[in-house]
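# Architecture and fold: a report
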Amino acid sequence: MKNKTKSILHLDLDTFFVSVERLKDSRLKGRPLIVGGLGDRGVVAACSYETRKFGVHSGMAMKVAKRLCPHATYIRGDASVYIRHSEVVTEIIKSQVPTFEKASVDEFYADLTGMDRFFGVKKFAHELRETIIRESGLPISFGLSQNKIVSKIATGEAKPNAEKYIEAGEERGFLAPLEVNKIPMIGSKTFQALVNLGVRKIKTIQEMPVEMLESVLGKNGRVIWKRAHGIDDPPIVPFHERKSISTERTFNRDTIDMVRLHATLVAMAESLAYQLRKGNKLASVVTVKIRYSDFQTQSKQVKISYTSADHILIPTVEELFEKLYTRRLLIRLIGVRFSGLVAGHYQINLFEDSEEILSLYNSLDKIRQRFGEHSVKRAVGMEVKTIGRMGNPFDGQPPIVLAHRKQ
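Quick look at the structure, then. (Residues numbered from 1 in each chain as written. Predicted model: local features only at pLDDT ≥ 70, side-chain atom pairs only at ≥ 80, totals over all residues. Heavy atoms only, no water.)

## Observations regarding the packing of helix α1 (residues 16-24) against helix α4 (residues 79-96)
So the rule is basically this: For helices, the axis comes from a line fit to the C-alpha atoms of the stretch in contact; other axes are also lines fit to C-alpha atoms, and the angle between any two N-to-C directions lies between 0 and 180 degrees. Think of it this way: any DSSP run of H or I at least four residues long counts as a helix, any run of E at least two long counts as a strand, and we number them from the N terminus. Should an angle fall under 35 degrees it is called roughly parallel, over 145 degrees roughly antiparallel, and 65 to 115 degrees roughly perpendicular, with every other angle called oblique. Here, two residues are considered to be in contact whenever any of their heavy atoms come within 4.5 Å of each other.
Taken N-terminus to C-terminus, the directions of α1 and α4 make an angle of 95°; their axes are 10 Å apart at the nearest point. By the angle class used here, α1 and α4 are roughly perpendicular. Contacts between α1 and α4 involve Phe16, Phe17, Val20, Glu21, Leu23 and Lys24 on the former and, on the latter, Val81, Tyr82, His85 and Ser86.

Structure, rendered in structure tokens:
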């Protein structure tokens, strides 16, 4: 009889940016180290375990971190270096497992179901981790269980630089004594709502009727209840290296209306930047295309530091258009493409951005996720219709080719 139990592995590179800096300079090992934007309004992108006993955590304002841990070494990060190290780990995993998902620059899931027949899943997972440590020089932890949620929580409990296995049937017992905010998707507001109910441990949620949680938290209540029982089972999204993301607009009538052209470009760049953040991607090349009324097509591109930030991408698009539009003819079509894509959270932009910018993007993206992409946009692009796309362009499916949208 075949074993139907799933085996889902979650791998997480420990304090990734910090670990890379220590790999570059061994003198930093064992010392309190903080990576992020170094200006007065900068944000902590990553911090070593030695700083955490002082209350430092990622996402914190750098000025607060400096007050809490003034003796730490502070380093402004280099996204290109971190992405290069991430790609080394990605290639190792890709060569070893049949199906995997790269969730971010430092986080991976792999489906090892059925491999028991050949290797033994625990042995295989252990050897994979040892290979990553040996070949990349970076510490990495993992959790192994029947599903993504329990495995991710197990990884958090295994850290630093260790492994944790949760056998089938032991999920509830493993989760019960943990704080409720260990459950993925429980942020500060939901955590506070649960604390107000007197709920601090996952065991309490396990003992509650699902209807009670739904009455307080809405539809998310049922998801959290399932996760507390270790039975939520989101799928592995297979790794797919999409090389670019783009959009273009063909006008009903050829135009030289610079206000309209500028508004359309801004709306395009804003929409694509949101898609990057939604898909946990960063771009390093920006391209703008123009097709004139005589059907001649020209494009111009520029290489930039890895980013998914509107305030970097939109001005880059505007500058490229100004350099490109030299013929002073009517324009039939304009397009924007972001390429040179890699997996990476917006966190990697924190080396230059302020706490205010980070909070702004987080807030705007939450509104878009809840009410739709067009629920919030820049004033300059308000009159531009139907810029944007449905679904997730990074779900591993081939891109949908749409007929040129008319405006």
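Now that the structure has been shown, the text picks up again.
## Describing unusual backbone geometry
A negative phi holds for most residues other than glycine; trans holds for most peptide bonds. Of note, the bond from Lys159 into Pro160 is cis; its omega dihedral lies within 30 degrees of zero at 5°. Of note, Pro160 is situated in the loop between α6 (148-158) and β8 (163-165). Of note in this structure, Asn161 is not a glycine but carries a positive phi near 50°. With respect to the helices, strands and loops of the structure, Asn161 is situated in the loop between α6 and β8. In this structure, Phe295 takes a positive phi of about 75° despite not being glycine. Topologically, Phe295 is positioned in the loop between β10 (281-292) and β11 (297-307).

## Topic: the side chain of Ser141
Selection criterion: Burial classes follow relative accessibility: with a 1.4 Å probe on protein chains only, a residue under 20% of its type's maximum area counts as buried, one over 50% as exposed, and anything between as partly exposed.
Tracing the backbone shows Ser141 in strand β7 (residues 140-145). Owing to a relative accessible area of 0%, Ser141 belongs among the buried residues under this scheme. Contact partners of Ser141, with chain neighbours within four places excluded, come to His10, Leu11, Asp12, Asp14, Arg129, Thr155, Lys159, Pro160, Asn161 and Ala162.

## Some details on the pattern of salt bridges
Rules: Whenever Lys or Arg places a side-chain nitrogen within 4 Å of a carboxyl oxygen from Asp or Glu, that contact is recorded as a salt bridge.
In this structure the tally under the stated criterion is 20 salt bridges. Glu50 is the salt-bridge partner of Arg22, the closest N and O atoms lying 3.0 Å from each other. Highlighted residues: Arg22 in helix α1 and Glu50 in helix α2 (residues 49-52), separated in sequence by 28 residues. On the basis of relative accessible area, Arg22 is assigned to the buried category, the value being 14%. Each of Arg129, Glu130 and Glu163 takes part in salt bridges that share partners, so that together they form one network.

## Side note on the environment of Lys226
With respect to the helices and strands, the residue Lys226 is situated in helix α11 (residues 219-228). The partly exposed category is assigned to Lys226, whose relative accessible area is 32%. C-alpha separation for the pair Lys226 and Ile205, spaced 21 residues apart in sequence, amounts to 9.5 Å. Sequence-distant contacts of Lys226, that is, excluding residues within four places in its chain, are made with Ile231 and Asp232.

Interpretation in functional terms is not warranted from these geometric data alone.
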